[in-house]
Amino acid sequence: MFDKYIEKNISRQVYLCERLYEQRQLRVKEAAEKNNVCSTTIHHDLAILQERFPEELVLEKCGRDQYQAEFTLPLTELRWQLCRGSDFLRCLRRYLAGAASWQEIAEAEFISQSKAYQVRSQVQAFFEELGYQRLAERYLIPEKDYRSLLLALDYFLGDQEAFQENQQVGRACEQLIGYVEQHFFLRRYPETERRRIFQGIKIGIERGRKHPVHFAKADCQQAVGTPLFQLLQQGLQTLDAGLCCGEAELYYLYSLFNARSYLCNNFELLKKDFAVVSRNHLFNCPQFRNLVEELQSGLGIAADNELLFTKALLSFVRSTWGDLQVFQTEQLCLLSPKQQPVYQKLLAILATWSQQYGINSRWNQNLLRKLAATCSLLMENDQLGIPEVYIAAPTDFAYLYYRQKLELLLDDRLHVSDMICNRLEELTDDVFFCGQRLIFCDASLYQADAGSELTQIFPITMESAPQVIMDVNRLLYQAPTAG
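Reading the values: rules and limits
Residues numbered from 1 in each chain as written. Predicted model: local features only at pLDDT ≥ 70, side-chain atom pairs only at ≥ 80, totals over all residues. Heavy atoms only, no water. Core = buried A, V, L, I, M, F, W, Y, C linked by side-chain atoms within 4.5 Å. Buried < 20%, exposed > 50% of the residue type's maximum accessible area, 1.4 Å probe, protein only. Contact = heavy atoms within 4.5 Å. Pairing = 2+ DSSP bridges. Helix = DSSP H or I, 4+ residues; strand = E, 2+ residues; numbered from the N terminus. Phe/Tyr/Trp six-rings, centres within 6.5 Å; stacked < 30°, edge-to-face > 60°. Salt bridge = Lys/Arg side-chain N within 4 Å of Asp/Glu carboxyl O. Axes fitted to C-alpha atoms, helices over the stretch in contact; angles between N-to-C directions. Polar contact = N/O pair within 3.5 Å; in protein donor to acceptor, adjacent residues only side chain to side chain. Parallel < 35°, antiparallel > 145°, perpendicular 65-115°, else oblique. Left-handed = near helix turned anticlockwise from the far one by under 90°. Nonpolar A, V, L, I, M, F, W, Y, C, P; charged D, E, K, R; others polar. Expected span 1.5 Å × (residues − 1).

Novice: Is there a simple way to think about the nonpolar core in this case?
Specialist: The nonpolar side chains of a soluble globular protein tend to be buried, and buried together. The biggest cluster of nonpolar side chains holds 157 residues, and the ones touching the most others in it are Leu46, Leu96, Phe126, Phe127, Phe257 and Phe440. Leaving out residues up to four positions away in the same chain, Phe126 has contacts with Met1, Phe2, Tyr5, Phe88, Leu92 and Leu149. Leu424, Ile439, Leu445 and Ala450 belong to the second-largest nonpolar core, a separate cluster that totals ten residues.

Structure representation (structure tokens):
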């Protein structure tokens, strides 16, 4: 939802940085198509990025339509620096911090009065789309939404001045996250997700005493039955962390963990984790079980891809708890013309399903586009042989997706290892791995000079995986065989 209100040039530049950071390359025509602009605009945006980040972003043009990139700054920092140029985001944060008037906001942000009132109209439209009632010059925002808005703004702008660092809270957060990781199939929260849990807890502590949070009874009942909620209860009691005051704050804490992405380095434990979470959020809920069936049938998901589809849908459904999905912030997903019909069909199925069950959720359009993009990949029913290799992938979904494509498409002389690695370095040790190996490495983790005589590394993305695998097959068939 935020991308609808953030200034278009800033939103585009953030998108370009995210794509370049994730894939290390970018096709200008494709980016222009997805952003609904001309190629000249994308070239101009890239020139601005290169001028703004002369040392942090190294762009190399490869032909008329393609760029390659290297970064010396984390993506989070790049996003913060770009989004701090957004008047909408900065003024929204001032408003939520309690600014008395738009004149005060204009003075604090060094913008003109006319610009401030233009932004005010955008903020009002934003709040009205979220369904908030207006009383005089202020909007009545439920506390759970208020905290979610503050956390979303931290994603875009960083924690410049809203909250003071508290080392005691930081240690307690790390202990609680570690407790969940240790006791829930050894799942692991990446640093970016740990930070968001930490920031969310800081927001809760800052506001909890004066601004109590409330969740619907049905949401509370659903949460209590989940292993994650029970683990959080046990962790708070065992660690005596002092992070949660009262039952309502415990539900807020659950909302922070429930919406976060996590990893697992053991394939068997990953499958067990998936089975437990999908049972609680999908298959024990009749309406969501029906949604799975409606989407599989309506979108034509290939039978071989049902597991991957369920995994993708599970992430989407988990985020609907507490009707907080609309505030979830992830990398911007834009669709190609080929994916647009899938998105429209997805919207139609969700609308019919929502009406059937009387559900009035505030959907997150970015997550819907991401789900549509994933479904468009899973609608392709590729069939061939059974494989063998190592996979380096940043998320468990990416690992499962690459694994399935390899098992379907790769030469049957090879076998896919069950080892799950989230960093390429874990697979490039020629002492630990003494034999020849192929590594299919997600482009976001790829290092051009990491290969060796024993190790061949192939960068892939979800879009390019089938083609890369077939190219590897051709190399294998061309290679001389023993005897």
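From this point, the narrative continues.
Novice: When you look at the pairing of strand S3 (residues 66–71) in this model, what are you seeing that I'm missing?
Specialist: A regular strand carries its side chains on alternate faces of the sheet. In this structure, strand S1 (residues 25–27) lies alongside S3, joined through three bridges in antiparallel fashion. Across the sheet, residue Leu26 finds its bridge partner in S3, namely Tyr67. In this structure, the hairpin formed by strand S2 (residues 57–61) and S3 is closed by a connection of four residues, where Gly63 is found at a positive phi of approximately 85°.

Novice: It is not clear to me how the packing of aromatic side chains should be interpreted in this structure. Could you clarify?
Specialist: Aromatic ring pairs are defined here through the distance separating the ring centres and the angle between the ring planes. Counted under the stated rule, the structure contains 27 aromatic pairs. Aromatic side chains Phe88 and Phe126 sit 5.5 Å apart centroid to centroid with 75° between the ring planes, which places their arrangement in the edge-to-face category. One end of the pair, Phe88, is in helix H6 (residues 87–96); the other, Phe126, is in helix H8 (residues 113–129), and 38 residues separate them in sequence. Each member of the pair Phe88 and Phe126 is classed as buried.

Novice: Would you mind showing me how to read the pattern of salt bridges here?
Specialist: Pairs may arise between side chains of opposite charge once their charged atoms sit close together. One pass over the full model with this rule turns up 29 salt bridges. The closest approach of N and O atoms between Arg194 and Glu174, which form a salt bridge, is 2.8 Å. Note that Arg194 is positioned in helix H11 (residues 191–208) and Glu174 in helix H10 (residues 167–183), a separation of 20 residues in sequence. With a closest N to O distance of 2.6 Å, Arg194 and Glu181 form a salt bridge. Within this pair, whereas Arg194 is found in helix H11, its partner Glu181 is found in helix H10, the two being separated by 13 residues in sequence. Just as Arg194 is buried, Glu181 falls in that class too. Three or more residues are tied together by salt bridges with common partners; here these are Asp87, Arg90, Arg94, Glu109 and Lys115.

Novice: Even after reading the chapter, I still don't get the sheet that holds S3, so can you show me in this structure?
Specialist: Adjacent strands of a sheet form backbone hydrogen bonds with each other and so pair up, either parallel or antiparallel. A sheet is described by the order of its strands in space; here three strands give the open sequence S1-S3-S2, paired in antiparallel fashion. Sheet topology places S1 and S2 at the edges, where each strand pairs with a single neighbour. Direction aside, neighbouring strands of the sheet carry axes that sit 25° apart on average. As paired strands, S2 and S3 are joined by five bridges and run antiparallel to one another. Residue Lys61 lies in a different strand from S3, and its bridge partner there is Tyr67. Of the strands in this sheet, S1 and S3 touch helix H3 (residues 28–35), which is tilted by about 65° from S1. Sitting on the sheet, helix H4 (residues 39–52) is in contact with S1, S2 and S3, with an inclination near 140° to S2.

Novice: Is there a simple way to explain the side chain of Gln325 in this structure?
Specialist: Inspection of the secondary structure puts Gln325 in the loop between helix H17 (306–318) and helix H18 (340–357). By relative accessible area, which is 1% here, Gln325 ends up buried. At a separation of 2.8 Å, a polar atom in the side chain of Gln325 contacts the main-chain amide nitrogen of Asn364.

Novice: In this structure, what is going on with the packing of H11 against helix H14 (residues 247–258)? I would like to understand it.
Specialist: Helices that pack against each other are described as a pair by the angle of their axes relative to one another and the distance between those axes. At a minimum axis distance of 9 Å, the contact between H11 and H14 shows a crossing angle of 160°. As the angle between them shows, H11 and H14 are arranged roughly antiparallel. For the crossing formed where H11 meets H14, the hand is right-handed. Packed against H11, whose contacting residues are Ile197, Gly200, Ile201, Ile203, Gly204 and Gly208, the element H14 presents Glu249, Tyr252, Leu253, Leu256 and Phe257 at the interface. Tallied by class, the residues present in the contact of H11 with H14 amount to seven nonpolar, three polar and one charged.

Novice: Sorry if this is basic, but what is going on with the pairing of strand S8 (residues 437–442) here?
Specialist: Counting buried residues in S8 gives six out of six residues, a clear majority hidden from the surface. Residues Arg437, Ile439 and Cys441 line one face of S8 and the alternating positions Leu438, Phe440 and Asp442 line the opposite face, and both faces are buried.

Novice: I tried to follow the packing of helix H16 (residues 286–299) against H18 on my own but got confused; where do I start?
Specialist: In contact at an axis separation of 10 Å, H16 and H18 are set at 150° when each is read in the N-to-C sense. Comparing the axis directions of H16 and H18 gives the class roughly antiparallel. Between H16 and H18 the crossing geometry is right-handed. Every residue of H18 that contacts H16 at Pro286, Gln287, Phe288, Asn290, Leu291, Glu294, Leu295, Gly298 and Leu299 is listed here: Val342, Lys345, Leu346, Ile349, Leu350, Trp353, Gln356 and Tyr357.

Novice: Could you clarify how one ought to interpret helix H2 (residues 8–23) in this entry?
Specialist: Because each turn of an α-helix spans 3.6 residues, side chains separated by three or four positions in sequence point in the same direction. The first and last C-alpha atoms of H2 sit 22 Å apart over 16 residues, in line with the 22 Å expected at 1.5 Å per residue. In the stretch just after H2, Arg24 is the one whose phi turns positive, near 65°.

Novice: Is there a simple way to think about the sheet that holds S8 in this case?
Specialist: On the basis of which strands lie adjacent, the open sheet formed by four strands has the order S7-S6-S8-S9 and parallel pairing. Only two strands of the sheet have a single partner each, and these edge strands are strand S7 (416–421) and strand S9 (455–460). Averaged over neighbouring strand pairs, the angle between their axes works out to 25° when direction is ignored. Here strand S6 (residues 389–392) runs beside S8; their pairing, made up of three bridges, is parallel. Its bridge partner being in S8, Ile391 is matched across the sheet by Phe440. The sheet contacts of helix H20 (residues 396–409) involve S6, S7, S8 and S9, and relative to S7 the element is tilted by about 165°.

Don't take any of this as a statement about function, it's just geometry.
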